[in-house]
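The primary structure of each chain is shown beneath.
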Amino acid sequence: MPGTRMDQSEIFCHFFSDIQALCRRRRQCGKRTDQTATPLSESCCHSRMRVCAVTGDRQTCARMAALGVLPGSELELLCKGGGRHCMIKVNGGTISLDESAAAAVLVAPA
Amino acid sequence: MEPVLTIALAGNPNAGKTTLFNHLTGARQHVGNYPGITVEQKEGCCLHQGRGVRVVDLPGTYSLTAYSVEELVARDFLVNEQPDVVVDVVDASNLERNLYLSCQFLELGVPLVIALNMIDVAEKRGVTIDAEALSSRLGVPVVPIIARSGKGVDRLLDAVLATAASARPHPVFLRYGSDIDQALTDMTDDIAACTELTAVYPQRWLGVKLLENDEQIVRKTLEAHPEAGKKLIARCESVGQHLQHTLGVYPEAVIADHRYGYIKSIIHQGVVHRKFVADRLYASDKIDKVVTHRILGPLIMAGVLYCLYTFTFSYSSVPVEWLEKFFALLSTGVDTLLPDGPFKSMLISGVIDGVGGVLGFVPIIMFMFFGIALLEDSGYLARVAFMMDRIFHFFGLHGSSVMPFIISGGIAGGCAVPGVMAARTLRSPKERLATLLTVPFMNCGAKLPVLTLLIGAFFSAHQARYMFLSTLAAWLIALCVAKLLRLTLLKGASTPFVMELPPYRFPTLKGLFIHTWERTWQYIKKAGTVILGISILIWAMMTYPELPEARVAHYDSLRQEARQTLAVDTEGLAAALAKIDTDKAQDGLRHSIGGRIGLALEGVSRYAGIDWRTNIALVGGFAAKEVIVSTLGTAYSLGEVDPEETTSLQERLDKDPNWNPVVALAVLAFIMFYSPCFVTVVCIARESGSWKWAAFSMLFNTVFAFILAVAIYQIGILLYPR
C-alpha cells in the first residue's frame, strides 16, 4: 500500500527532523484517521491524501483546480516548510502552497 | 513569395518555450528554471524550407482563464492576433498537467501542434510516450523534441507548415457533466445574441468562460450586450449556487475535473507506458525533502549563499588586480604620451578612471553571475522562494514577491528594472505596489562595484563576510519597509500563494556560460556606452567653468615665488610645487558646476560624514548607480599630480583623510538605500500607473537612506572617535 513503507529518502528526512515535532504529528495523525477531513496545513508529512474540498475565495479555488487540486484528486504531501506552508505532488507536478492556501485544502487519507 | 507565417509558442511555465524560442530564432532570451521569467511576449524570426516564420514566445500559463497577467497576455494574443499555428510546448515528464492547457487550446479551436519536449527526461523517469497514439487521440500533430539540443525541431517545423496549410480546425466539444452541459445548452441563444463576442470567440467556449467567472469575458459581455449579458450571468449564478449546494464546489472545479478526466482517459488508452510504479518519488522530490526541510533548508540556503560570496571574492581577486594594473598602466601611458591639456585630462579622469573603474569589476560580476546562473538553472532558486514565502507573508508581502526580490539583486548582482516588471505577476494591487517600491533596496549589479570598492578599501580582511552581511541588510530593510507600507499606506489583506516548483535539472555548461556571458556583456556594454557618456559629462561638470584668470595668475605667481625662494633645495621645491598643483586642482574642482553642487549639499551631507566630492558621485548615481564608482574615480584623480604614483581608487580612498571605516559604512548604507536609478523610477511609474509612486520612491528612499547614514555616522564617531 502506498505511503505505508518509508523509502531511504524518507528515513533520511525523518532522521534530520525535529523528533519532538515528529512524534506530536504522528500522534495527531493517529487521531485523524477517523476524522473525515483536515486542512492540509495540519496534515502529516510524506503521505498520500485525497482532496475532500477546497475552500476560500473563488479565484483561488479556480486556480487550484487548474493545477489539479480539486475535490476527489489525490495528492502527496512532500515536505512542510518552516510553518504550515507545504509542498505537494499532484498530477506529476510539484506545487508549493502557503499557509492560507494549504489551510483551504481539506484532505483525508487516500 | 509566400507570406510570413506567425507561430505562437505557448505552454505551461517551465515547459521549455523560451529554450525552443532561442533555438529557433538564435536569440539569447533569458531562460530560467523557475516560473514567471517571461511576462511579456517576445518575438523573433527564422527560416524553414524557404518560408519565413515569425516566432512569438508567450508567457507560461496553466489555463486560458484570466487568473493572472500572463494568462491574459497569452490569451489576448491567441484571440486577437490569430497566429497561423500555435505550438503548445508540453513537458513530456509531466504530461497530465501540461495537457490541461492543450485541452483548452482544442476547445478554443486554434490550429495546434504539440511539441512533446524533454522526452529524454521522461524516458529517464521510466515514462515512454507513444506520440502517434497521442496525436490520433487528440487529433493534432504531436512531435517529440528536445529543445535544449534541438533534436526533433526540424520535424516540428515541418508539422507547423503542414498545419498552417490545412483548414482551421473546429473547436473540440468536451462534456462537463449534466448540470454544466444543461446550462450551456440553455445559454446558447443568449450567447448567439452576443454577436460582437461570437465573431471573436467560439460560442461554447464563451459559455464555459462565463461559467468559470472569467473577469475579462464577463466584463466584455456586459459591456457589449448588457441585456443578454445579464441573463447569461444570472444563469451562471444559478448553476453556481446549485453546484455549491449539491457538491460544495464552484463550476470551474467541475469543469477542471472533467478536463482532467478527459486527459486521464487519453493517457490510459496506451499513450503512456510506465516502467516504474506510479507513486515512485523522483530524485527531485527526494532532494526537496532535505533541501526544503524546515530546519535543514534555511541552514542549507544560508550556506549556499555564503559559499557563493566566498567563491566570487576568492577566485576573482587575481583578475581584478590584473585589470587594476592594466588601467593604471594605461593611465600612465596616456599621461606620458599626450601633452597637458583638457583632452588629456578628459581621457585620464573621464574615460580611463571612469569607465576603467567600472570595467575593473567585470571579473567579480562574471563570477557572481556564474554562481547565480548555477542556482537558477538547477531549480534551487524556486526552492528559495518556497522557503522565503512564510517570512514574506509576515512582512505583508506575497510569496510571488520573492522572485522580483531575487531578480532585483536578492543575491547581489541582479537589476531592479526586470525585478519591478516581474512584480506584475502579483494579483493584489497593494501587494504589487509594496513589492515594486521595495525591490530597489536590493543590491543590484550596479551597486555591487560600489560595495566591493568600499568594502575592499576599508574592510578588506572580511570581504565575503561583509558582502554577505550587506545582502542580509538589504533584505531586512526592504522587508521592514514593506511591512511599514502595508501597515500604513498600503493596508489590506494578503492573498494566498500557489506556485509550481520546477524539477531539479543539471545545468549544462553551455547554458551556464551563455547566461554568465549575456549578463556580463550587458554590464560591459553599459560601461562602454551609457557609463562612458555620463562619465564624460560628469568630468565636464567637474572641470568647467575653469578657474578665473585672476586665480590662475595667483597660482602661477605662487609657483614662481616657490622657484625663487627654493632654487637650491630641489626636493623642497618639488614638494612645494606639488602642493600648489594639488591646491589649484582642488580649487578648480570647487569652482566647477559639479563642485558647487557638491559643496551646496555638504551643508546637509556632513551630518552623515559625506564630503562634497562624494556628493558629486551620489548625484551622478541618480542617472545610473555604476556612475558612483566612475565619478569617485574622476573626483579623486583630479587632485593627483604625480603620474609616477598613479594609485587605484581604492587606495586613494583608503589614504584620504575624509574617509575612514565609519564614513565608509555610512556611505555604504546611503548608496544601498537611496533613490533608485532613473530607469527604475520610470519603470515604477509605468508599473504603478502613477508618477506619484515613482516620486514617493525617490523621496522616501533618499530620506530614509540619509537618516540611516546619519545614525551610523553619529553613533560610529561616538564609539570610535578619530
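All values derive from a computational prediction rather than experimental measurement. (Residues numbered from 1 in each chain as written. Chains lettered and ligands numbered in written order. Predicted model: local features only at pLDDT ≥ 70, side-chain atom pairs only at ≥ 80, totals over all residues. Heavy atoms only, no water.)

(A) Focus on the overall build of chain A. Secondary structure summary: chain A contains four helices and six strands in total. The buried share of chain A, taken over its 110 residues, is 55%. Here the contacts in chain A between residues at least 6 apart in sequence split such that 56% fall between residues at least 24 apart. Total accessible area on chain A stands at roughly 4,900 Å², and carbon and sulfur atoms take up 54% of it. (Helix = DSSP H or I, 4+ residues; strand = E, 2+ residues; numbered from the N terminus. Buried < 20%, exposed > 50% of the residue type's maximum accessible area, 1.4 Å probe, protein only. Contact = heavy atoms within 4.5 Å. Areas by Shrake-Rupley, 256 points an atom, 1.4 Å probe, with all protein chains shown as cover.)

(B) Focus on the packing of aromatic side chains. Residue and element names in this part refer to chain B. Taken as a whole, this structure holds 24 aromatic pairs over all chains when the rule is applied. Ring centres of phenylalanine 394 and phenylalanine 395 lie 5.2 Å apart, and the angle between their planes is 90°; this geometry places the pair in the edge-to-face category. For phenylalanine 395, a relative accessible area of 13% translates into the label buried. Taking 5.3 Å as the distance between ring centres and 10° as the angle between the ring planes, the aromatic pair formed by phenylalanine 696 and phenylalanine 700 counts as stacked. Here phenylalanine 700 and phenylalanine 696 lie together in helix α33 (residues 691–719), a separation of four residues that amounts to about one turn. With a relative accessible area of 24%, phenylalanine 696 lands in the partly exposed category. With a relative accessible area of 22%, phenylalanine 700 lands in the partly exposed category. Taken together through their ring pairs, the aromatic side chains of Phe441, Phe673, Trp693, Phe696, Phe700 and Phe704 make up a single cluster. The ring of phenylalanine 173 carries the charged tip of arginine 204 above its face, separated from the ring centre by 3.9 Å. A cation over a ring is seen here: lysine 483 above phenylalanine 394, with NZ or CZ 5.2 Å from the ring centre. (Phe/Tyr/Trp six-rings, centres within 6.5 Å; stacked < 30°, edge-to-face > 60°. Lys NZ or Arg CZ within 6 Å of the ring centre and 35° of its normal.)

(C) Broad picture of the packing of helix α18 (residues 380–394) of chain B against helix α23 (residues 463–487) of chain B. All names here are of chain B. Two numbers describe how α18 lies on α23: the axes approach to 9 Å, and their chain directions differ by 45°. Considering the angle they form, α18 stands oblique to α23. Each of Met388, Ile391, Phe392 and Phe394 in α18 lies in contact with α23, whose residues at this interface are Trp475, Leu479 and Lys483. Considering only residue class, the contact of α18 with α23 consists of six nonpolar, no polar and one charged. (Axes fitted to C-alpha atoms, helices over the stretch in contact; angles between N-to-C directions. Parallel < 35°, antiparallel > 145°, perpendicular 65-115°, else oblique. Nonpolar A, V, L, I, M, F, W, Y, C, P; charged D, E, K, R; others polar.)

(D) Main features of empty space enclosed by the protein. Under the definition given, this model contains three cavities of 30 Å³ or more. The space that makes up the largest cavity amounts to roughly 200 Å³. In this structure, the largest cavity is lined by 23 residues; those nearest its centre are Asn94, Glu500, Leu501, Pro502 and Pro503 of chain B. When contributions to the lining of the largest cavity are tallied by element, the ones reaching two or more residues are β5 (93–97) of chain A together with α3 (95–108), α13 (283–291) and β9 (498–501) of chain B. For the lining of the largest cavity, the per-class residue count stands at seven nonpolar, nine polar and seven charged. (1 Å grid on protein atoms, 1.4 Å probe; cavity = no way out; pocket = protein on both sides within 12 Å on 5 of 7 lines; lining within 4 Å. Points joined across faces, edges and corners; volume = space filled by probe spheres on them.)

(E) Summary view of the sheet that holds strand β4 (residues 85–91) of chain B. All names here are of chain B. Spatially, the six strands line up as an open sheet ordered β2-β3-β1-β4-β5-β7, and their pairing is mixed. Strands at the two margins of the open sheet, each flanked by one partner only, are β2 (42–48) and β7 (142–144). Averaged over all neighbouring strand pairs, the angle between strand axes comes to 25°, with direction disregarded. In terms of strand pairing, β4 meets strand β5 (residues 112–117) through six bridges, oriented parallel. If you follow valine 89 over to β5, its bridge partner there is alanine 115. With respect to the sheet, helix α6 (residues 153–165) is in contact with β1 (5–11), β2, β3 (51–57), β4, β5 and β7, its orientation differing from that of β5 by roughly 170°. (Pairing = 2+ DSSP bridges.)

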